[in-house]
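Structural overview for review
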Amino acid sequence: MVESAGGEPDDGTAEVLDRPLPDGVRRRVVQIASDGFGGLTPAELPAQLRQYARFTPTRRAKFAGNAMAAALEGDTLFRQRIGDRLREAQPELAGALDAGAPPPAADPLDVAAAAYVLRPAGWVKLVAAAGEEAQRADAERADEETKAELERLRAELAAARGQTKAETERLRAELEAARREAESMHRKLRGALSDVKRGEAALRKAAAETEAVRAESQAQVSAAESEARRLKARLGETEAALEASRRAAREGRSVEDMRVRLLLDTVLEAAQGLRRELALPPVSVRPAETVDAVEPGRMSPKDIAARALSENDPAILDQLLALPQAHLVVDGYNVTKTGYPTMPLEKQRLRLLGSLSQLARQSGAEVTCVFDGAELAAPVLLAPPRGVRVLFSKPGVTADELIRQLVRAEPPGRPVVVVSTDREVADGIAKAGARPVASAVLLKRLSRG
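Cut-offs used in this document
Residues numbered from 1 in each chain as written. Predicted model: local features only at pLDDT ≥ 70, side-chain atom pairs only at ≥ 80, totals over all residues. Heavy atoms only, no water. Helix = DSSP H or I, 4+ residues; strand = E, 2+ residues; numbered from the N terminus. Buried < 20%, exposed > 50% of the residue type's maximum accessible area, 1.4 Å probe, protein only. Contact = heavy atoms within 4.5 Å. Salt bridge = Lys/Arg side-chain N within 4 Å of Asp/Glu carboxyl O. Polar contact = N/O pair within 3.5 Å; in protein donor to acceptor, adjacent residues only side chain to side chain. Expected span 1.5 Å × (residues − 1). Arc of directions from axis to C-beta. Phe/Tyr/Trp six-rings, centres within 6.5 Å; stacked < 30°, edge-to-face > 60°. Lys NZ or Arg CZ within 6 Å of the ring centre and 35° of its normal. pLDDT = per-residue confidence, 0-100. Pairing = 2+ DSSP bridges. Axes fitted to C-alpha atoms, helices over the stretch in contact; angles between N-to-C directions. Parallel < 35°, antiparallel > 145°, perpendicular 65-115°, else oblique. Left-handed = near helix turned anticlockwise from the far one by under 90°. Nonpolar A, V, L, I, M, F, W, Y, C, P; charged D, E, K, R; others polar.

1. Considering the overall build of the chain
The number of helices and strands found in the chain is 13 helices and five strands. Split into buried and exposed, the 449 residues of the chain put 25% on the buried side. Taking as baseline every contact in the chain between residues at least 6 positions apart, the subset at least 24 positions apart corresponds to 59%.

Written as C-alpha cells, this is what we have:
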C-alpha cells in the first residue's frame with residue numbers, strides 16, 4: 001500500500017471529487033452497482049435499496065439508479081461490497097487500477113467508473129480525465145455532426161438556388177404570357193365597350209317604347225277597374241235583394257211551422273189532460289177476457305192477499321226493471337260499502353260492475369253506475385263492462401249531485417230507478433219523479449245471480 005508524504009496510507013479514500021460525475025461515468029457506475037447488486041444478500045444492502053432486491057439488473061438501473069448512486073457516494077461499506085463484486089468480475093482492470101497503471105486500451109469511461117467504485121490512489125484524476133475525454137469525444141462528435149449538417153445545408157442551398165432559378169424562368173414565361181393575354185383582353189374590352197354603348201342606345205329606345213305601352217295599359221286598367229266597381233255594386237244590390245227574399249220566405253215558413261207545432265202541442269196536451277181527468281187505464285182487455293173462467297196457472301182469490309210485496313223484496317226491482325225503457329241508476333260506493341266494505345275500492349268497483357253487467361243482460365234495462373270522484377287518488381284505468389255505463393263525479397261535485405243531474409236529464413214519464421241508501425238522495429229523486437230503491441234490495445237481487 002502506498003503511503004503519502006505525511007506517513008498516512010494513501011488508498012484514495014481521502015480524495016474528494018470537486019465536481020459532479022460526468023454523465024457517462026455516472027451511467028457506468030450505476031451499471032456496475034446494478035450488476036453487483038444481485039450478489040448481495042438483503043442484509044448487506046442499505047435499507048433504501050432492499051425494495052429493489054428482486055428487480056432485474058436492467059430494471060434496477062432504470063428505477064433505482066439515483067438511489068444506488070447516492071448509496072455509493074454516502075455508504076462506504078456498500079461501495080466496498082460492490083467493489084468486491086467488481087474485483088471478482090473484472091480482476092485485470094481492478095489489479096491495474098490498484099497498481100496505478102490502468103490499461104491504455106480500456107474505455108476511459110469504464111476505467112473512471114471502476115476507479116470511482118474501488119477508490120484507488122489518484123481515482124479523482126482518473127474520473128476527471130474520463131470526464132474530459134468524454135467531453136472531448138462529445139465535442140468531436142458534435143463537430144462532425146455540425147460539419148455534416150453544414151454540408152447538408154449547402155446541398156439544400158444549391159438545390160434551392162437551382163429550383164429558384166427554374167422557378168424564376170417559369171414565372172418570367174408566365175408573366176410574358178400574361179402580358180400578351182392582357183393586351184388581348186384590352187382589345188376585347190374596347191370592342192365590348194363599343195357594344196355596350198350600342199346596347200345602351202337600344203335600351204333607351206326600348207325603354208321609351210315600354211313607357212308608352214305602360215301608359216296605354218294603365219289607361220285600360222283604370223277603365224277595367226271602373227267597370228269592375230260598377231259590376232260589384234250591382235252584384236251587391238242583387239245579393240241584398242236575394243237575401244231579403246230568402247229572409248221573407250224563411251219568416252213565412254217559420255210562422256206556418258210555429259202555428260202547426262202549436263196546434264199539435266195543444267191537441268197532445270188536451271188528450272193527455274183528458275186521459276188524466278178520466279183516469280182511463282191503457283186498453284189491455286180483450287172481449288174474450290171478459291168471460292168468467294179459471295185459466296191454467298191463474299191465482300185463485302185466496303192467493304190475491306199474498307201478491308203484495310215488501311219494500312225489501314228484490315222482486316220489486318225485477319218488476320221495476322221490466323217496465324218499458326227502464327233506467328237503473330246505482331250509487332256505486334253506497335252499494336259496495338253496504339255489501340262488502342272491507343274490500344279495497346278497486347275490487348269493490350269490479351265486483352259491483354260485474355254483477356250489474358249480468359243484471360243488464362237479464363233485464364234489458366239501461367244501467368248507469370255512479371262513483372264519487374273525490375275517492376280517487378289518480379285517474380281510473382277501467383274498461384266498463386258490457387251494458388253498464390260507468391261515471392265518476394268531477395272535482396267539486398259529489399256522486400249524489402251527479403245522480404240528481406242524471407234524473408233531471410230524463411224526460412218526464414220515463415221509468416227511472418235509483419239505488420241508494422242515502423235518505424237525502426232518495427227524497428230528492430222521488431220529487432223529480434224517479435223511484436228510490438234501497439241498496440240492500442239490489443244486493444239481494446244480485447246475490448240471486
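After that view of the structure, there is still more to cover.
2. Details of helix H9 (residues 332–339)
All buried positions along H9 are accounted for by Gly332, Tyr333, Asn334, Val335 and Thr336. Looking at the buried positions of H9, the neighbouring elements they touch are strand E1 (327–331), helix H10 (345–363), strand E2 (366–371), strand E3 (388–392), strand E4 (416–419) and helix H13 (439–447).

3. Digging into the side chain of Glu410
Position of Glu410 relative to the elements: it lies in the loop between helix H11 (399–409) and E4. Not counting residues up to four positions away in its chain, the partners in contact with Glu410 are His327 and Val416.

4. Focus: the pattern of salt bridges
Counted under the stated rule, the structure contains 22 salt bridges. We note a salt bridge from Glu176 to Arg179, for which the minimum N-O separation is 2.6 Å. Note that Glu176 and Arg179 are positioned in helix H7 (residues 123–278) at a spacing of three residues, about one turn of the helix. Through salt bridges with shared partners, one network takes in Glu366, Arg389, Glu410 and Arg414.

5. Digging into the side chain of Arg414
The topology assignment puts Arg414 in the loop between H11 and E4. Polar side-chain contacts of Arg414 include one of 2.7 Å to the backbone oxygen of Gln325. Arg414 has contacts with Gln325, Ala326, His327 and Glu366, leaving out every residue within four places of it along the chain.

6. As for helix H4 (residues 76–89)
Look at H4: 20 Å from first C-alpha to last across 14 residues, which is about the 20 Å you get at 1.5 Å a residue. Those residues of H4 that fall on the buried side of the exposure criterion are Phe78, Arg79, Ile82, Gly83 and Leu86. Buried positions in H4, seen along its axis, are confined to an arc of 140° and lie on one side of it. The secondary structure elements touched by the buried residues of H4 are helix H1 (23–37), helix H3 (65–74), helix H5 (91–98) and helix H6 (108–118). Structurally, the start of H4 carries an N-cap: the backbone nitrogen of Leu77 is 3.2 Å from a side-chain oxygen of Asp75.

7. Some thoughts on the packing of aromatic side chains
Aromatic ring pairs are defined here through the distance separating the ring centres and the angle between the ring planes. Scanning the entire structure with this criterion turns up four aromatic pairs. For the ring pair Phe55 and Phe63, a centre distance of 6.4 Å and an interplane angle of 90° mean the geometry is edge-to-face. Each residue in the set Tyr52, Phe55 and Phe63 is aromatic and connected to the rest through ring pairs, giving one cluster. Across the ring face of Phe55, the terminal group of Arg59 is positioned such that the distance to the ring centre comes to 4.3 Å.

8. What to know about the confidence of the model for the chain
Residue-level pLDDT values for the chain average 80, and 80% of them are 70 or greater. Confidence drops under pLDDT 50 across residues 1–10; counting only partners more than four residues distant or on other chains, this segment forms eight contacts.

9. Here we look at the sheet that holds E3
Strands sit in the order E3-E2-E1-E4-E5 across an open sheet of five strands; the sheet is parallel. Each of the sheet's edge strands pairs with one partner strand only, and the pair in question is E3 and strand E5 (435–437). Neighbouring strand axes in the sheet, compared pairwise and without regard to direction, differ in orientation by 20° on average. In terms of strand pairing, E1 meets E2 through five bridges, oriented parallel. Looking at the pairing, His327 lines up with Glu366 of E2.

10. Here we look at the packing of H1 against H6
Two elements in contact, H1 and H6, have axes separated by 8 Å at closest approach and are oriented at 60°. With respect to their mutual orientation, H1 and H6 come out oblique. Relative to H6, H1 is oriented so that their crossing is right-handed. In contact with Gly24, Val25, Arg28, Val29 and Ile32 of H1, H6 contributes Leu109, Asp110, Ala112, Ala113, Ala114, Tyr116 and Val117.

11. Considerations on the packing of H4 against H5
At a minimum axis distance of 5 Å, the contact between H4 and H5 shows a crossing angle of 115°. Between H4 and H5, the interaxial angle falls into the category roughly perpendicular. For the pair H4 and H5, contact is made by Leu86, Arg87, Glu88 and Ala89 and by Pro91, Ala94 and Asp98, respectively. Tallied by class, residues from the contact of H4 with H5 come to four nonpolar, no polar and three charged.

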